[in-house]
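What the coordinates show
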Amino acid sequence: MTTTDLPALTPQLDFVRSQFPALTGPWTFLDNAGGSQVLTGVADRVRDYLVQTSVQLGATYAVSQEAAARVADGTRAAAELINAADVREVVLGSSATQLVSNFAQSFGATLKEGDEVIVTSTDHEANIGAWLRTRGAVVRVWRPQPDTLELQLADLDALMTPRTRLVCVTHASNILGQINPVAEIARRVHAGGAQVFVDGVAYAPHRLVDVQALDVDYYMFSFYKVFGPHISLLYGRLEHLLALPNINHNFVGEQAIPYKLQPGNVNYELTYSLRAITDYLEELGMRVQPGTQGRAALTAAYGAIAAHESMLAGLLLDHLRGKARVRIIGPATADPAVRVATVSFVVEGRASSDYPQALDDHHIAIRYGNFYARRLMDELALDPVEGVVRVSMAHYNTAQDVQRLIAGLDAVGLD
Ligand SMILES: Cc1ncc(COP(=O)(O)O)c(C=O)c1O
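This one's a predicted model, so the numbers in the text were calculated from it and none came from an experiment.

1. Digging into the domain arrangement of the protein
On domain assignment, one finds that the protein holds domain 1 (3–39 + 293–408) and domain 2 (43–277). Using C-alpha coordinates to define each centre, domain 1 is positioned 25 Å away from domain 2. The partner domain 2 presents 38 residues to the 39 residues of domain 1 that form the contact. For the pair domain 1 and domain 2, the two sides together bury roughly 3200 Å², of which 55% comes from carbon and sulfur. Among the residues of domain 1 in contact with domain 2, R295, Y302 and R375 are the three that bury the most area, contributing 23% of the side total.

So this is what it looks like as structure tokens:
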């Protein structure tokens, strides 16, 4: 993929920014991997649901029927976004951490003593810790190459054994920005007779997820990083979900998917709001590539997002590469096939905390720390509290945002 093959976002930037009310304020948000800004349409739908249809679902009266239809439509929007074959493959929950923890409770009950689960040391702790806590699971760790920090497929092959049941891997690291070859990983994992569980939290804001094209077994991400509210999605292939043990009330049937994996059920108003995300992305796609609609429009939108974010990441990376004391933690290229626009770095002789705190005064929001990728900090021999400086861009950011950031970083000192 080169950025010249992708549709341009810049002519639509005014439209894009007009959809995110917080962008009219004084802040330049460059901590989007922590949480993106929220679409007006999302906030409107949350309010509409609460003021118009805040009743229990499943009753005979019309308002309850309308509420159920709204929740069903939001769930369908989530399924369409990831190209799930069946809406029942979408499990919703309060956070990715909660979903993986619920999933581990269910999947873990199917493990036999000595069954193995592979995790990576580049992942967010959400996709690691749940397995360490799962009784009976032997956890093996897929570590990156020390120099490139890439996860090598040959190392995965070497870790897999006939006892491997599940491989848990991030689609894009929330620190490195590096995109992992998930389709190829899934192919190898399946060839070894195991299943793959992908953490797409740091990927889904930047690229269109297609669970069928990736041929993954499980995939999760959080909508509060994808322009929406605090609600998260776990995709599971239909036959896998049907086979998983129920973690809901005892009387909930094994066939009741996704309900048997949604103890306490979903948040109705937030689920309803999800349609506003796909509506927005589809409109963006139709604008950047007139004549498209549906999934083709989503593809066009994310193509433009990839190109624009690559341009933004390139501005920052070009600047950082010229600084002898700066170490970029992750790929130094802005190539959209290699990374998303989440850029981390450390500066020799400086504390990572120096930078965000100084930039606060300029209303530029970035962040430092380990971002719950504690094991990656260990791999890098970095202080787990100071960690890295992380700048995470979204498609609504502008070149001026990055230039302002660069001026701020320079003022603190990168040389
Ligand atoms: C890569 C990655 N995975 C998982 C999570 C956890 O997501 P949640 O806050 O929805 O539990 C995060 C949060 O930042 C993340 O960046």
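2. Details of the packing of aromatic side chains
As enumerated under the stated definition, the model contains 15 aromatic pairs in all. Each ring, one from F103 and one from F197, has its centre 4.9 Å from the other, and the planes form 35°; the classification is tilted. With F103 in helix α4 (residues 96–108) and F197 in strand β6 (residues 195–199), this residue pair connects regions lying 94 residues apart in the sequence. For F197, a relative accessible area of 0% gives the class buried. Each ring, one from F103 and one from Y218, has its centre 4.4 Å from the other, and the planes form 55°; the classification is tilted. With F103 in helix α4 and Y218 in strand β7 (residues 218–222), the pair connects residues that are 115 residues apart, well separated along the chain. The burial state of F103 is the same as that of Y218; both residues are buried.

3. Section: the site of the ligand
As a matter of local geometry, the ligand sits amid S95, A96, T97, H124, N174, D199, V201, S222, Y224, K225 and S232. In this structure, an oxygen atom belonging to the ligand sits 2.8 Å away from a main-chain N or O atom of A96. Residue N174 places a side-chain N or O atom 3.3 Å away from an oxygen atom belonging to the ligand. Burial of the ligand by the surrounding chains reaches 89%, relative to a free accessible area of 390 Å².

4. Observations concerning helix α10 (residues 268–288)
Residues spaced three or four apart along an α-helix point in a common direction, a consequence of the helix completing one turn every 3.6 residues. Compared with an ideal rise of 1.5 Å per residue, which puts 21 residues at 30 Å, α10 spans 32 Å between its outermost C-alpha atoms and is within 8% of the ideal. With 16 of 21 residues buried, α10 lies mostly within the body of the structure. Between the side-chain oxygen at the start of α10 and the backbone nitrogen of E269 there is a gap of 3.1 Å, and the oxygen is on N267.

5. With respect to the nonpolar core
If you look at the biggest cluster of nonpolar residues, it comprises 101 residues, and the most contacted ones within it are W131, Y219 and F221. Looking at this core, the element that brings in the most residues is α10, giving 10 residues. Composition of this core by domain shows at least three residues from each of domain 1 (3–39 + 293–408) and domain 2 (43–277). If we skip the residues at most four places from it in the chain, F221 touches L81, I82, G200, V201, A204, V226, S232 and L233. In terms of nonpolar packing, the next biggest core, distinct from the first, is built from 26 residues, L312, V326, I328 and I406 among them.

6. Considerations on the environment of V388
If you trace the backbone, V388 turns up in strand β13 (residues 388–392). Each C-alpha atom, one on V388 and one on S344, is 6.0 Å from the other, the two residues being 44 residues apart in sequence.

7. Some thoughts on the sheet that holds strand β3 (residues 116–120)
Judged by pairing direction, the sheet is mixed, and its seven strands sit side by side in the order β2-β8-β7-β6-β5-β3-β4 without closing on themselves. With one partner strand each, in any of the chains shown, β2 (90–93) and β4 (138–142) form the two edges of the open sheet. Strand-to-strand twist across the sheet, computed as the mean angle between neighbouring axes with direction ignored, equals 20°. Against the sheet, helix α3 (residues 62–82) touches β2, β7 and β8 (232–236), its axis set at about 120° to β2.

Rules behind the numbers
Residues numbered from 1 in each chain as written. Predicted model: local features only at pLDDT ≥ 70, side-chain atom pairs only at ≥ 80, totals over all residues. Heavy atoms only, no water. Domains from an automatic or database assignment. Contact = heavy atoms within 4.5 Å. Buried area = accessible area lost by both parts, 1.4 Å probe. Phe/Tyr/Trp six-rings, centres within 6.5 Å; stacked < 30°, edge-to-face > 60°. Helix = DSSP H or I, 4+ residues; strand = E, 2+ residues; numbered from the N terminus. Buried < 20%, exposed > 50% of the residue type's maximum accessible area, 1.4 Å probe, protein only. Near = heavy atom within 4 Å. Polar contact = N/O pair within 3.5 Å; in protein donor to acceptor, adjacent residues only side chain to side chain. Areas by Shrake-Rupley, 256 points an atom, 1.4 Å probe, with all protein chains shown as cover. Expected span 1.5 Å × (residues − 1). Core = buried A, V, L, I, M, F, W, Y, C linked by side-chain atoms within 4.5 Å. Pairing = 2+ DSSP bridges. Axes fitted to C-alpha atoms, helices over the stretch in contact; angles between N-to-C directions.

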